[in-house]
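# Summary of structural features
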Amino acid sequence: MLSVLDGLRGVTLLSAALRLLLAMACGGLIGLERAFKRRPAGFRTHILICMGAAMTTLTSQYLYLYMGLYTDMARLGAQVVAGIGFIGAGTIMVTSRQRVKGLTTAAGLWASAIVGLALGGGFYEGGLLATVLILTAELLFSRLEYRMLRASPEISLFVEYNGSECLEAVLHLYRELDLKILNMSIVNSEPGCTRSAMFALRLDKGFLEEHLLERLKKIPGVQSIQTL
């Protein structure tokens, strides 16, 4: 630990202000990436959670050190860890296209709460280092993940189309391009409505996903295509 921070490990007005300000800054940095991507829990939500967790730890220390209430100091913090799960669960949803969204946001909220607990307890080094690593995972590793997915030999598509003739044309294109259909499900097949289907395909090595999407868009009756 850094010895220069030893004077700020106790519960004083200066240390409390520093911990809350650091919690606000770290929570804001973590939430900024989510806000940029227009996720439901963004900048202000992460700040409030991180500051609330920091205040929880500060309160535990104050009750123990200054009020003489000799209780378990970790109990309030444990409730934060459990309670944040309810907020995180509210950001996770399954869309009509059977996609699970919000897992990264929920994990970011949980991590933001842990950072707040660390900073509120005076563990400045751990809280700041965790913030840097969380931002690295959100900003840099997401690009690496995207590149890996683009190089994946399997792809999932959600296609909205009109009429069974259009579906036959899509399947014919798959056969023409020699693509193996791993899974296929018709989401909506009611007559008179826009129909939709999901396909799990295996691509040959070197086959470009963009080429497939361009060919699909040229089929009459295909309204929209989305990569899952």
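In this report, the structure presented in the accompanying data block is examined. (Residues numbered from 1 in each chain as written. Predicted model: local features only at pLDDT ≥ 70, side-chain atom pairs only at ≥ 80, totals over all residues. Heavy atoms only, no water.)

### Some words on the pairing of strand β3 (residues 154-161)
To be explicit about the condition: Each pair of strands is called paired provided DSSP finds at least two bridges between the two strands. Numbering of helices and strands starts at the N terminus; helices are DSSP runs of H or I of at least 4 residues and strands are runs of E of at least 2.
Looking at chain direction, β3 and strand β5 (residues 195-202) are connected through eight bridges and run antiparallel. Bridge pairing links Val159 to Ala197 in β5. Here five bridges tie β3 to strand β6 (residues 222-227), and the two strands are oriented antiparallel to one another. Across the sheet, the residue bridging to Leu157 is Thr227, located in β6.

### Points about the environment of Thr56
The cut-off we apply is this: Whether two residues are in contact is decided by their heavy atoms, any of which lying within 4.5 Å being enough.
Note that Thr56 resides in helix α2 (residues 43-65). Distance from Thr56 to Gly116, taken between C-alpha atoms, is 8.8 Å for residues 60 residues apart in sequence. Other than its neighbours up to four places away in sequence, Thr56 contacts Leu76, Gly77 and Val80.

### Comments concerning helix α1 (residues 13-36)
Which entries qualify depends on this criterion: Helix span is expected to be 1.5 Å times the residue number reduced by one. The bend at a residue is defined as the angle formed between two axes, one fitted to the seven residues ending at that residue and one fitted to the seven starting there. Three labels apply to residues, based on accessible area from a 1.4 Å probe with only protein chains included: buried if under 20% of the type maximum, exposed if over 50%, partly exposed otherwise in between.
Taking 1.5 Å of rise per residue, 24 residues should cover 34 Å, and α1 covers 34 Å from first to last C-alpha, within 8% of that figure. The largest bend along α1 reaches roughly 25 degrees and is located at Ile30. Where α1 is concerned, the buried positions are Ser15, Ala16, Arg19, Ala23, Cys26, Gly27, Gly28, Ile30, Gly31, Glu33 and Arg34. Each element contacted by the buried residues of α1 is listed here: α2, α4 (103-120) and α5 (124-139). Two residues or fewer after α1 comes Arg38, characterised by a positive phi angle close to 60 degrees.

### Side note on the packing of aromatic side chains
The condition that has to hold: The criterion for an aromatic pair is that two Phe, Tyr or Trp rings (for Trp, the six-membered ring) have centres within 6.5 Å, with stacked assigned to planes under 30 degrees apart, edge-to-face to planes over 60 apart and tilted to the rest.
This structure, assessed with the given rule, holds one aromatic pair. Plain terms: the ring middles of Tyr174 and Phe199 are 5.2 Å apart, the flat faces sit at 75 degrees to each other, and that makes the pair edge-to-face. Here Phe199 lies in strand β5 and Tyr174 lies in helix α7 (residues 163-176), a separation of 25 residues in the sequence. Each of the two residues, Tyr174 as well as Phe199, counts as buried.

### Description of the nonpolar core
Here is a general trend for soluble globular proteins: nonpolar side chains tend to be buried in one another's company. Applied cut-off: Definition used in this section: a nonpolar core is a set of buried Ala, Val, Leu, Ile, Met, Phe, Trp, Tyr and Cys residues joined via side-chain atoms within 4.5 Å.
Core analysis: the largest hydrophobic core is formed by 21 residues, its most contacted members being Leu157, Tyr174, Phe199, Leu201, Leu212 and Leu216. Elements that contribute at least two residues to this core include exactly β3, α7, β5 and α8 (209-217). Looking at this core, the element that brings in the most residues is α7, giving six residues. Setting aside residues up to four positions removed in sequence, Tyr174 forms contacts with Leu157, Leu179, Ile181, Phe199, Leu201, Leu212 and Leu216. Of all hydrophobic cores here, the second largest spans nine residues; its members include Cys50, Ala111, Val115 and Leu119.

### Some thoughts on the pattern of salt bridges
Quick note on the threshold: Salt bridges are identified by distance alone: a Lys or Arg side-chain nitrogen within 4 Å of an Asp or Glu carboxyl oxygen.
Per the stated rule, a full pass over the model turns up two salt bridges. Arg34 is the partner of Glu33 in a salt bridge, and the nearest nitrogen-oxygen pair spans 2.8 Å. Overall, the relative accessible area of 5% leaves Arg34 in the buried class. In this structure, Arg215 engages Glu176 in a salt bridge whose closest nitrogen and oxygen atoms are separated by 2.9 Å.

### What about the packing of α2 against α4?
Just so we agree on the cut-off: Here, axes are lines fitted to C-alpha atoms. For helices the fit covers the stretch in contact, and angles between N-to-C directions go from 0 to 180 degrees. If you view the pair so one helix is near and one far, a crossing is left-handed when the near helix is turned anticlockwise from the far one by less than a right angle, and right-handed when it is turned clockwise. Throughout, the ten residues Ala, Val, Leu, Ile, Met, Phe, Trp, Tyr, Cys and Pro are labelled nonpolar, Asp, Glu, Lys and Arg are labelled charged, and all others, Gly among them, are labelled polar.
Their axes nearest at 7 Å, the elements α2 and α4 cross at an angle of 35 degrees. The interaxial crossing formed by α2 with α4 has right-handed handedness. Only Thr105, Gly108, Leu109, Ser112, Ala113, Val115, Gly116, Leu117 and Gly120 of α4 make contact with α2, whose side of the interface consists of Thr45, His46, Ile49, Cys50, Ala53, Ala54, Thr57, Leu58 and Gln61. Here the contact of α2 with α4 is composed, by residue class, of nine nonpolar, nine polar and no charged.

### Comments concerning the state of the cysteines
Convention followed: In this description, a disulfide is simply a cysteine sulfur pair whose atoms lie within 2.5 Å.
Summed over the entire model, instances satisfying the criterion amount to zero disulfides. Summary of cysteine pairing: Cys26 is not part of a disulfide, and the nearest cysteine sulfur, belonging to Cys50, is at 6.0 Å. The exposure class assigned to Cys26 is buried, which follows from its relative accessible area of 4%.

### Overview of the environment of Tyr124
Considering the arrangement of structural elements, one finds Tyr124 in helix α5. Of the residues examined, Tyr124 reaches a relative accessible area of 2% and is grouped as buried. Placed 116 residues apart in sequence, Tyr124 and Leu8 show a C-alpha to C-alpha distance of 9.4 Å. In contact with Tyr124, not counting residues within four places along its chain, are Leu5, Leu8, Arg9, Ser15, Leu18, Arg19, Leu22 and Leu119.

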